[in-house]
Structure formats: structure tokens, C-alpha cells
Amino acid sequence: MTDYAGLVSAAGAMQRRQMYADPAVYEQELERIFGRCWLFLVHESQIPQPGDFFRTFMGEDDVLVVRQKDRSIKAFLNTCTHRGNRLCRADRGNAKAFACNYHGWAFGTDGALVNVPLEKDAYFSEIDKSRFGLVEVDQVASYKGLVFGCFDRNAPSLADYLGDMKWYLDVWLDAQPGGSALIGETQKVELMTNWKLPVENVCGDGYHLGWAHAGAMKAVQSMDFSGFTVGNASVELEGGLSIAGLNGHSVLATVDGVSGYSFYPDNAGILRYLEQNRPTAIERLGRLRGEKLWGSQLNLTVFPNLQFLPGLNWLRVYHPKGPGRIEQWTWAMVENAMPADIKQRILDNQLLTFGPAGLFDNDDGDNLAACTEQSRGWRTRQLDVHTNMAQGRSGARPGLPGDIAVGVVSEHNQRYFYRRWQEHMAAADWRAVPQYNLNSLQDAKDLAHVG
Ligand code: FES
Ligand code: FE
């Protein structure tokens, strides 16, 4: 098998453009990244009742996630075991069983083959139905409402996979009693981009905000960017941090500097909610997270393709559809403790900014598609692109897991994203994938060379 790890330089600061366009690289990503990592499937709030199902993708594999009678969650390949037809065609719903459109085989919500038409007359009762149940995703596990699946039985547990990232995820998932939920329908957008580009754009590219989004920022009048002037990308975003070194996961944090809620045309109710509930957040998360992070805008990335942004309140997964195409699925996310009018306000604002016709999303989509297109030519695919901004300027910070660079205008997080990509692409299986134990600051220092 070709070793594509060399498409990224040692410190993750340089990428050969071939990695955004080459079908052979993409095939290996399906195996070594999407076939190996824990992938987001659904939020538990989207399938609350037994029989509730949700269709999604793991890499390019169509997957059906089903709430079981005992309230556990199973996931199956959404393909009939007879002749391979797509079993369930609805995006979501509630079912007692799933019957195939082609010859009528029917499967229970637990995946068992329960009915075969003409079983007696055509199969002479000789078919062993227990052999033809739906194929289950090898591992399914939840973390505080987020449900993940993994095709690799040898992968670390979900808890270990998330590692220290859990400390940051909890700022959204555990700040208030009752947890979180995704609301509204799935907002699906097809983009002609390689899947890595939107991930690294959101995980660490604060650089483009003041330039690519200058028009959108002007359009959303009430935004307060505290020193981040439009068209003049100031490096000093008050209090911002780029946090990586978390096994490919990362955080872009405004840390009490710029609240994502300042994007909202009318945010008085949301700010009141934050004020009223901050004591609870501090009680549950401690002073640092409850006071500084909860309510600030965070860009949270779970490697390889899940991102959510408390403050702007959306959660998104990027489904690859070939080297140059993705489906981007987005939902608005809320805390269950929020009053109904605030939830509605959040959904409205998410649609305005990062929905299918969102002001900000359209800026990004065009740039990312062009970066992909410009990596396709025979000559251009041999060129490199760079994420070398502020290299060597990161380190440990007391009380915060990860290797941390000051400011959100940095390419620190992208370097770690590409390093993780490289580590997976070089490894034949999970045994060869380095697992950094970042439960101590000493380990974070050990990784400082990457920055
Ligand atoms: Fe599904 Fe034949 S392909 S029943
Ligand atoms: Fe953007």
C-alpha cells in the first residue's frame, strides 16, 4: 500500500495539494481514517423513543441508527442482506420493522431478519434467517448525548478516543442540568470540496474571518468583535486561544473575549439566560470553564469530521462523497434548560449565519471549492500549501489540557489536524497510531515541538 503520510511535512506545516484531489489518497482515507476512527452518528435527542431511527453515513457507508426497545442504540449498515438494496429510504422516523423495497425481506429494529416472502414455497423453508440479519456497526457508544460509531473493533474506547477533549466538550454538553439537544431538521448542503478543507477551516483558521467574511460581518450589524476589525485581521483577538495536541481534536476559544451570542441581532434574552445560569455552570464545571468558556464562542473539532460551535450554536458533520465532494449536515443546538423563545432565536440565527443560505457559510463554501479545484491539475497537485503561521509559539497553560497557542489567528490547530491525518495514514492499524496521554501538562509539553 502506498504511504501517503509524506504528503504532510514533519511538523504538519506543509501539505502537498495531491491530498485534496487524488482518488487513491481518498480511498486510503476511507480505510484508515473513516474506517478506523469514531464517527458522529446522531444526537440522542434525535431518536428519543424505541423504534426511532436516523439515517446517516460513516465515510461513504449508509448507516441506520435505531433506538432499541431497551432504549440502547444500535447502528446497522443500511443495506439489505439479500441483494444489497438500500433498506431504509427515509431520513428519520419511527418504525416497527424495516421492509426492503425489492423482494420484501423484513428486519426488526434489532436488525434480525424476521420475514422472508415465500419462505416456505420458494426457499423450501431451508433458509437460516439467523445468518442474514443486518450487519451491525462494530462499536456504538455515547458521550453525554453524542452518539458515535466505529467500524474498528480494535479502536480505543470512545472515552479514550475523546481523551482530554472531553474536558472541553463538557462546556457545552454538561454546563446545565438536562444536557443538550439538536433542534430542527437536518440542513444538507452539497459542496464541491475535499472534506479536509472545511474541517481545518473551522478548527483553526481564524485568519480568514476578517477578510473572507468581511461582507457578512458588515451585514450582521450588532456584532462586537472587540478589536477584530473588518478587513484588517488583527492578530490580537482579546483572550483567544488555539488549543490542539488532543489526538487530532482541537478547540478555538475566544475565552470570555468574544461571545458568539454577540452575532445575534437581538441577544438580550440570551445574555440574560447566561447571567442567570452562570452560577450553575460554575458549580458544574468549575470557575475556569464556567466563567470563561461557557457562553464564549468555541470551535470544537472532534477528529476527523465533527464540529460544533457553542456560542454560534451549531453542530455539523462532513460526509465525504469522493475526493472533491462532501455533504455538509448542520443542526442548531440548544441546552434543554433554555426557554423555548431562546431556542427559536438560536435556530433562526443559525440559519441566518451558517445555514444553507447562511451569510458566512457561502463565503467559506466558495473559497473551499476553489482550493479543491486548484489542486486537481497535473502541475498544481505537485505544489504545496502552508499552515506555518506562528509555528513554534505554543506551549502548556496551567489548568488547560492541550498544547496552546495564543490567539485564534494562528495555524496551530491545522498543523495538529494534519499531523493526526498523517499518523493515521502511516499506520496499518490502531496499534501503530500514537495515543498521547494528555491528562497531564507534562505530556502537553512533550508535544510542544509540533507547534
Ligand atoms: Fe432486499 Fe431482495 S434486495 S429483499
Ligand atoms: Fe469561515
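Residues numbered from 1 in each chain as written. Chains lettered and ligands numbered in written order. Predicted model: local features only at pLDDT ≥ 70, side-chain atom pairs only at ≥ 80, totals over all residues. Heavy atoms only, no water.

- Per an unreviewed UniProt entry, the recorded name for the chain is Ribosomal subunit interface protein, and the organism is Immundisolibacter cernigliae.
- Looking at the Pathway (unreviewed entry) heading of the UniProt record, one finds this comment for the chain: "Aromatic compound metabolism."
- Note on the chain: under the UniProt heading Sequence similarities (unreviewed entry), the record states "Belongs to the bacterial ring-hydroxylating dioxygenase alpha subunit family." (UniProt positions renumbered as here; feature names shortened; annotations may be inferred.)

Brief notes about the overall build of the chain
Then comes step 1: Looking only at helices and strands, the chain has 12 helices and 21 strands in total.
Then comes step 2: Relative to the globule expectation of 22 Å for 451 residues, the C-alpha radius of gyration of the chain, 22 Å, shows essentially globular dimensions.
Then comes step 3: Sorting the 451 residues of the chain into buried and exposed places 56% on the buried side.
Then comes step 4: Across the chain, every contact between residues at least 6 apart in sequence was considered, and the portion connecting residues at least 24 apart equals 66%.
Then comes step 5: Summing over all exposed atoms, the chain offers an accessible surface of approximately 18,400 Å²; the carbon and sulfur share of this is 50%. (Helix = DSSP H or I, 4+ residues; strand = E, 2+ residues; numbered from the N terminus. Rg over C-alpha atoms; globule rule 2.2 N^0.38 Å. Buried < 20%, exposed > 50% of the residue type's maximum accessible area, 1.4 Å probe, protein only. Contact = heavy atoms within 4.5 Å. Areas by Shrake-Rupley, 256 points an atom, 1.4 Å probe, with all protein chains shown as cover.)

Some words on the coordination of the iron ion (ligand 2)
Then comes step 1: The iron ion (ligand 2) binds to the protein through His208 (NE2), His213 (NE2), Asp364 (OD) and Asp364 (OD), with metal-donor distances spanning 2.1 to 2.3 Å.
Then comes step 2: Here the iron ion (ligand 2) binds 4 donor atoms, and the angle range of 57 to 142° at the metal identifies the geometry as irregular. (Donors = N, O, S within 2.8 Å, 3.2 Å for Na, K, Ca; no water. Tetrahedral: all angles 85-135°; square planar, octahedral: opposite > 155°, others 65-115°.)

Re the confidence of the model for the chain
Then comes step 1: The share of residues in the chain with pLDDT of 70 or more is 90%, and the mean pLDDT across the chain is 90.
Then comes step 2: Per-residue pLDDT stays below 50 along residues 222-238; that stretch engages in 42 contacts with residues further than four places along the chain or on separate chains.
Then comes step 3: Note that residues 440-451 has pLDDT below 50 and, in this model, 34 contacts with residues that lie over four places away or in other chains. (pLDDT = per-residue confidence, 0-100.)

Brief notes about the pattern of salt bridges
Then comes step 1: The final tally for this structure, using the stated rule, is 21 salt bridges.
Then comes step 2: The partner of Asp62 in a salt bridge is Arg55, with the nearest N and O atoms 2.9 Å apart. The same class applies to Asp62 as to Arg55, namely buried.
Then comes step 3: One network of salt bridges, with partners in common, ties together Arg55, Asp62, Arg86, Asp91 and Lys188. (Salt bridge = Lys/Arg side-chain N within 4 Å of Asp/Glu carboxyl O.)

With respect to the sheet that holds strand S3 (residues 52-58)
Then comes step 1: Read from one edge to the other, the open sheet built from 4 strands follows the order S5-S4-S3-S6, with strand pairing classed as antiparallel. Here the strands that pair on one side only, and so sit at the sheet edges, are strand S5 (73-77) and strand S6 (92-94). On average, each strand axis in the sheet is inclined to that of its neighbour by 25°, with strand direction left out of account. (Pairing = 2+ DSSP bridges. Axes fitted to C-alpha atoms, helices over the stretch in contact; angles between N-to-C directions.)

Quick look at the environment of Gly206
Then comes step 1: On the secondary structure map, Gly206 appears in the loop between helix H4 (196-204) and helix H5 (209-212).
Then comes step 2: Looking at Gly206, the relative accessible area reads 1%, which means it is buried.
Then comes step 3: Considering only alpha carbons, one finds Gly206 and Gly240, 34 residues apart in sequence, at a separation of 10.0 Å.

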